[in-house]
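# A look at the structure
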Amino acid sequence: MKYVIIGGDAAGMSAAMQIKRGGNEQNEIITLERGEYYSYGQCGLPYVLSGQVESTDDVIARPVKVFREKYGIDARINHEVTHIDHENKSVSGLQTETGEPFQVEYDQLLIATGVSPVQPDWEGINLGGIMSMKYIPDTEAIKAYINQHQPKTVTIVGGGFIGLELAENIEEIGINVRIIQRGNQLMNPFDEDMAELIKDEAKEKGVELVFSESVQSFKGQEHVDTVVTDKNEYETDMVLINVGVKPNTEMVSDDFHLGPKGEMIVNAYMETNIDDVYAAGDCASHYHRVKQLNDFVPLGTTANKQGMIAGMNMVGQHRAFQGIVGTSILKFFDLDIGRTGLSEKEAKQLNIPSDTVKVETNAIAGYYEKGQHVTVKIVFDQNSKRLLGGQVIGVMGIDKRIDVLATALYHNMTTEDLLNLDLAYAPPYNGVWDPIQQAARRTL
């Protein structure tokens, strides 16, 4: 059997390793990566700028030679697939270093091409000093530009996950940071009342925030020196654009079913609507257990799971993906910021009769150490009291609260079930009533 995988990162290589473990030794596995790097942690890249992570080399889990020499995978680099011929079961494209065309036939194909940053069509966007961060070469280019030009002010367009991580890491090396956000809050997945806590932290750390303005263009000679919005102009020495991502699915034909953002629609077994073609990771749909709908929430954790499951199904090990609940967490200066499930505004958009409870309390026993604050907001069904989602922001213990809520969501638990959980308690770690249980008590 000949397996071809497009994409050499989380989903693609999780699948390749699963095929290697569960398949016949005679199977041929070919992976086609358009870049030069395999299996690396993209989420760690912002921390390279501040030196928290010493080098981009440190985020690489396995160099490409390991897949070739240790596992016998034909792992190719600089191979960009531009066309999939599913009727003749082949993929074709260009070797980006030489420009030479290539074609590879397959018995089974996995599309694991990930996402790319959205690049708006703004005037002046090609000026020097305007960049986005997604890949290792992006990070190296940003770091090199900072070292060479010594910018005093960096403007970040977009106040989402990557935007906030960039803001923190750039501020920590002594550069002034401005965030321009088209909407009226940072971190759109959070409800507005919780986003206020994030805004307060940004302001306290000296980040300039510009809300409700849309970038129109950039000015400068060779390098950017001004950002022009629909309301104002801002002097700057560098611009980092992070306004969203789009699935890399340009190579597929209209025969494939795509979602509203261009993602490959897959079933629980990572199968597309085309025989012997699978998709997984950031370029694929993600079934949301709470919404009970296909969603698009590109995260490395999901990509690894979907890749593993795709690989198992490709070698006949019948396994279904159980879906996501939309869990994420972020460090932003002294705050930890986590969410899972539905926000209040999402529940309203889905016409779910819902209610919310928010508590502000201490993350541990108040007499043990004061000031370890945490704010918990839970969303629940008005009628059944089934938990729908939660947001937790504070200075410690945020990860464990979000993970408890995510587990509760996976198992369709109610707020009363939350109250009944036997959670760990000792004064250095918790109060006798965990903050999420304090919130749950108010729903009864």
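Residues numbered from 1 in each chain as written. Predicted model: local features only at pLDDT ≥ 70, side-chain atom pairs only at ≥ 80, totals over all residues. Heavy atoms only, no water.

## Some thoughts on the overall build of the chain
As a reminder, the rule being used: The secondary structure listing takes helices from DSSP runs of H or I that are at least 4 residues long and strands from runs of E that are at least 2 residues long, numbered from the N terminus. Radius of gyration means the value over C-alpha atoms here, while the globule rule gives 2.2 Å times the residue count to the 0.38 power. A 1.4 Å probe rolled over the protein chains alone gives each residue an accessible area, and that area as a share of the maximum for its type sets the label: buried under 20%, exposed over 50%, partly exposed in between. Whether two residues are in contact is decided by their heavy atoms, any of which lying within 4.5 Å being enough. Per-residue and other accessible areas were derived by the Shrake-Rupley procedure at a 1.4 Å probe size, with only the shown protein chains allowed to occlude residues.
Secondary structure assignment for the chain yields eleven helices and 25 strands. For the chain, the C-alpha radius of gyration of 23 Å lies close to 22 Å, the compact-globule estimate for 444 residues. Considered along the principal axes of its C-alpha atoms, the chain spans approximately 65 × 55 × 40 Å. Put simply, the chain has 444 residues, and 53% of those count as buried. For the chain, the share of sequence-separated contacts (at least 6 apart) that also reach a separation of at least 24 residues comes to 62%. Surface summary for the chain: the accessible area is close to 20,100 Å², and the carbon and sulfur share equals 45%.

## Section: unusual backbone geometry
The residue Lys-89 is not glycine, and still its phi comes out positive at about 55°. Along the polypeptide, Lys-89 turns up in the loop between strand 4 (79-85) and strand 5 (90-95). You can call Lys-89 partly exposed: its relative accessible area is 24%. Of note, Asn-412 is a non-glycine position whose phi angle comes to about 55°, a positive value. In this structure, Asn-412 sits in the loop between helix 9 (398-410) and helix 10 (415-420).

## Here's the deal with the packing of aromatic side chains
Applied cut-off: Pairing of aromatic side chains here covers Phe, Tyr and the six-membered ring of Trp, requires ring centres within 6.5 Å, and sorts the geometry by plane angle: under 30 degrees stacked, over 60 edge-to-face, intermediate tilted. Whether a charge sits over a ring comes down to the Lys NZ or Arg CZ being within 6 Å of the ring centre and within 35 degrees of the ring normal.
With the rule as written, the count across this model stands at five aromatic pairs. An angle of 75° between the planes, with centres 6.4 Å apart, marks the rings of Tyr-37 and Tyr-40 as edge-to-face. Look at Tyr-40 and you get buried, because its relative accessible area is 10%. Positioned over the ring face of Tyr-410 is Arg-289, at 3.7 Å from the centre of the ring. One residue, Arg-441, lies across the ring of Trp-433, its end atom 4.6 Å from the ring centre.

## Considerations on the UniProt feature "domain: FAD/NAD(P)-binding" (unreviewed entry) in the chain
To keep it simple, the criterion reads: UniProt positions are given in the numbering used here, feature names are shortened, and annotations may be inferred rather than shown by experiment.
If you check UniProt for "domain: FAD/NAD(P)-binding" (unreviewed entry), the listed places come out as residues 1-287 in our numbering. Split by type, residues 1-287 is 22% helix and 29% strand. Its first and last C-alpha atoms lie 29 Å apart.

## Quick word on the side chain of Gln-437
Within the element layout of this structure, Gln-437 appears in helix 11 (residues 435-441). Under the relative-accessibility criterion, Gln-437 is labelled buried at 4%. If near-sequence neighbours (up to four positions away) are discounted, Gln-437 is found in contact with Leu-418, Leu-419, Leu-421 and Leu-423.

## Details of the sheet that holds strand 5
Cut-off, in case you're wondering: Strands are labelled as partners when DSSP assigns at least two bridges between them. Each axis is a line fitted through C-alpha atoms, and for a helix only the stretch in contact is used; angles between axes span 0 to 180 degrees, taken between their N-to-C directions.
Here we have three strands laid out as an open sheet, ordered 4-5-6, and antiparallel in their pairing. Looking at strand neighbours, the two that pair on one side only are strand 4 and strand 6 (100-105), the edges of this open sheet. Here the average twist between neighbouring strands, direction ignored, is 25°. Note that strand 4 and strand 5 share six bridges and pair antiparallel. Across the sheet, the residue bridging to Ile-84 is Val-91, located in strand 5.

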